Amino acid sequence: LPEALNILIDRLRDASARNQDTLELMAGLPLLVRMHRYGNIRRTDRAMVNQLLDQIFPRICAGLLPASRQIDLDAAQHLFEQIIRNHSAIQLLNAPKHTRPWQEAMEQVLSGSDIHPLIQGIAARILLDQGILEPERADQYMSQALSTGAGVENGAYWLEGFLYGSGLLLLLQKNLWHILNSWLDQLPADHFQEVLPLLRRTFSRLQDTEREKILEFA
């Protein structure tokens, strides 16, 4: 069985070299990372897994920006989930040769054009959490995303991506809170009703203690 698995991995490596679909490569990355990091009961050759990672990971980073452009909401939500899963996997690898290219790909997505706001929001959050995006620049990106010209719905989707995982940064970085509060205050009643379901979904994902602290601060 170990020999058969190694042959399978070898064929998978060949297939990945011909695969142009970034999302398919992203779907397989977390499992390969777990095999590389922990091994498995079948004692699959980690060196072969590592070679496969080294082959597909640069393709993911190079393909992320094109995969983020001019996509609809369904595609953006699928890509959003893949980015979260891949980011967790890359953190598990904890190697500069993987971390830095991933951060550069996030930077390209954040500053790119025709990118769905949900994707740009999560890119901003990842870069902010890792200390690559300065708080002052995060303020600027948030202000731009929530500006009138960006569109109310787009602002809500950007916020959903940016607040994924934790909302405490709204309390830790008061400028972000003031930007959000000002945006909500200026929304006409009909626009507020339009984005309310999106905002409810965003804040419902936060922990109860986080929501309580936000309410106290408000």
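Because the structure is predicted, anything quoted here is derived from the model rather than measured. (Residues numbered from 1 in each chain as written. Predicted model: local features only at pLDDT ≥ 70, side-chain atom pairs only at ≥ 80, totals over all residues. Heavy atoms only, no water.)

Draft legend 1. Representation of the overall build of the protein chain. A count of helical and extended segments in the protein chain gives 12 helices and zero strands. Shown N-terminal to C-terminal, the secondary structure of the protein chain runs as helices and strands in the order α-α-α-α-α-α-α-α-α-α-α-α. Within the protein chain, buried positions represent 44% of all 218 residues. Within the protein chain, residue pairs in contact and separated by at least 24 positions form 73% of the contacts whose partners lie at least 6 positions apart. When the accessible area of the protein chain is evaluated, it comes to approximately 11700 Å², of which 51% is carbon and sulfur surface. (Helix = DSSP H or I, 4+ residues; strand = E, 2+ residues; numbered from the N terminus. Buried < 20%, exposed > 50% of the residue type's maximum accessible area, 1.4 Å probe, protein only. Contact = heavy atoms within 4.5 Å. Areas by Shrake-Rupley, 256 points an atom, 1.4 Å probe, with all protein chains shown as cover.)

Draft legend 2. Inspection of the pattern of salt bridges at higher detail. Following the criterion strictly, the structure yields five salt bridges and no others. The salt bridge partner of R100 is E104, with a shortest N-O separation of 3.6 Å. One end of the pair is R100 and the other is E104, both in helix α5 (residues 96–111) and four residues apart, which spans about a single turn. Judged by its relative accessible area of 33%, R100 is partly exposed. Close ionic contact of R201 with E160 constitutes a salt bridge, the shortest N to O distance being 2.8 Å. Of this pair, R201 sits in helix α11 (residues 189–204) while E160 sits in helix α8 (residues 152–162), placing them 41 residues apart in sequence. Residue classification places E160 among the buried residues on the basis of a relative accessible area of 5%. Where salt bridges share partners, they join R100, E104 and E107 into one cluster. (Salt bridge = Lys/Arg side-chain N within 4 Å of Asp/Glu carboxyl O.)

Draft legend 3. Just the packing of aromatic side chains, in detail. Under the counting rule described, the total for this entry stands at two aromatic pairs. Judged by centre distance (5.5 Å) and plane angle (90°), the rings of F80 and Y164 are edge-to-face. Within this pair, whereas F80 is found in helix α4 (residues 73–93), its partner Y164 is found in the loop between α8 and α9 (169–172), the two being separated by 84 residues in sequence. Taking the relative accessible area as the measure of exposure, F80 reaches 2% and is therefore buried. With centroids separated by 4.8 Å and ring planes inclined at 25°, the aromatic side chains of W158 and F162 adopt a geometry described as stacked. With W158 and F162 both in helix α8 and four residues apart, the pair spans about one turn of that helix. Here F162 falls in the buried class, since its relative accessible area comes to 0%. (Phe/Tyr/Trp six-rings, centres within 6.5 Å; stacked < 30°, edge-to-face > 60°.)

Draft legend 4. Fine view of helix α10 (residues 174–186). Over its 13 residues, α10 extends 18 Å from the first C-alpha to the last, a length consistent with the 18 Å expected when each residue adds 1.5 Å. The set of residues buried in α10 consists of L176, W177, I179, L180 and W183. Taken end-on, α10 shows its buried residues confined to a sector of 160°, consistent with a single buried face. The outward face of α10, more than 90 degrees from its buried face, is lined by the exposed residues D185 and Q186. (Expected span 1.5 Å × (residues − 1). Arc of directions from axis to C-beta.)

Draft legend 5. Representation of the side chain of Q103. Relative to the elements of secondary structure, Q103 occurs in helix α5. Overall, Q103 belongs to the buried group, its relative accessible area being 9%. Looking at Q103, its side chain comes within polar contact range of the side chain of R100, at 3.0 Å. Setting aside anything within four residues of it in sequence, one finds Q103 in contact with L127, Q130 and I132. (Polar contact = N/O pair within 3.5 Å; in protein donor to acceptor, adjacent residues only side chain to side chain.)

Draft legend 6. How the structure looks around the packing of helix α3 (residues 46–68) against α4. Closest axis-to-axis distance for the α3/α4 pair is 13 Å, and the angle between their directions is 145°. Where α3 crosses over α4, the handedness of that crossing is left-handed. Residues L53, F57, I60, L64, A67 and S68 of α3 pack against L79, I83, N86, I90 and L93 of α4. A breakdown of the residues in the contact of α3 with α4 according to their chemical character gives nine nonpolar, two polar and no charged. (Axes fitted to C-alpha atoms, helices over the stretch in contact; angles between N-to-C directions. Left-handed = near helix turned anticlockwise from the far one by under 90°. Nonpolar A, V, L, I, M, F, W, Y, C, P; charged D, E, K, R; others polar.)

As far as function goes, none of this settles anything; it's purely spatial.
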